[in-house]
Amino acid sequence: FSALDPLFTKIKSDLVQRPEDFKSWYELEVPEETDVPSSNRTEKLAPLHKLCFIRIFRPDRCYNAAKLLVSNVMGEQFTQPPILDYERMYALSSNSSPILFILSPGADPQAEIQKLGESHGFTYPNKFRFVALGQGQGPLALQ
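Calculation criteria
- Residues numbered from 1 in each chain as written.
- Predicted model: local features only at pLDDT ≥ 70, side-chain atom pairs only at ≥ 80, totals over all residues.
- Heavy atoms only, no water.
- Phe/Tyr/Trp six-rings, centres within 6.5 Å; stacked < 30°, edge-to-face > 60°.
- Helix = DSSP H or I, 4+ residues; strand = E, 2+ residues; numbered from the N terminus.
- Expected span 1.5 Å × (residues − 1).
- Buried < 20%, exposed > 50% of the residue type's maximum accessible area, 1.4 Å probe, protein only.
- Arc of directions from axis to C-beta.
- Contact = heavy atoms within 4.5 Å.
- Axes fitted to C-alpha atoms, helices over the stretch in contact; angles between N-to-C directions.
- Parallel < 35°, antiparallel > 145°, perpendicular 65-115°, else oblique.
- Core = buried A, V, L, I, M, F, W, Y, C linked by side-chain atoms within 4.5 Å.

## Examining the packing of aromatic side chains
Overall, the coordinates contain four aromatic pairs when judged by the stated rule. Aromatic side chains F22 and F53 sit 6.3 Å apart centroid to centroid with 50° between the ring planes, which places their arrangement in the tilted category. With a gap of 31 residues between them, F22 in helix 2 (residues 19-26) and F53 in helix 3 (residues 47-57) connect regions that are remote in the sequence. Between the aromatic rings of F53 and F57, the centroid separation amounts to 4.6 Å while the plane-to-plane angle is 40°, which identifies the pairing as tilted. Residue F53 and its partner F57 are located together in helix 3, separated by four residues, close to a single helical turn.

## Topic: helix 1 (residues 6-17)
Helix length check: helix 1, at 12 residues, gives a terminal C-alpha distance of 17 Å against a target of 16 Å (1.5 Å per residue), a fit within 8%. Burial in helix 1 covers these residues: L7, F8, I11 and D14. The arc enclosing the buried residues of helix 1, seen along the axis, measures out at 115°, which places them on a common side. Helix 1 presents P6, V16 and Q17 as exposed residues on the side facing more than 90 degrees away from its buried surface. Of the surrounding secondary structure, the elements contacted by the buried residues of helix 1 are helix 2 and helix 3.

## With respect to the packing of helix 3 against helix 4 (residues 62-73)
Where helix 3 contacts helix 4, the two axes come as close as 9 Å, and the packing angle between them is 175°. By the angle class used here, helix 3 and helix 4 are roughly antiparallel. Mapping the contact onto sequence places P47, L48, L51, I54 and R55 in helix 3 and C62, A65, A66, L69 and V73 in helix 4.

## Describing the nonpolar core
For soluble globular proteins, nonpolar side chains are generally found buried alongside one another. In this structure, L7, F8, I11, F22, W25, V36, L45, L51, F53, I54, C62 and A65 together form the largest nonpolar core, which totals 12 residues. Contributions of two or more residues to this core are made by helix 1, helix 2, helix 3 and helix 4. Dropping the residues within four chain positions of it, L45 is found in contact with L7, F8, I11, V36, K50 and F53.

Take a look at the structure:
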């Protein structure tokens, strides 16, 4: 820990001498938004060092801490999902270069894609069908 930065040596001694401050910090709902406790209030961890500290003591908050670091250092635009232009994607596709969506949990573009299909004459069930490739739906998708 102390090999990373001399300030970590100070934090290590603070942790041993003032465990109640660190316990209070540890129990915070969003500790990544608060400075790590230190006996010298003018010494603050650099953002990347703070992320390392959070990774060690509160790994459950690491994703949010990393998102906050990127937002603060690089800008909010790097933490926001891109706005998808389905019409443009369709224009770039062809029968030999289809559109394939690989979704993350919580993403559901079905309504937008259905609207795009309808605007181009692809209606359910003749030319447009949604098939999720989970839970044994593979054979249905092959049809």
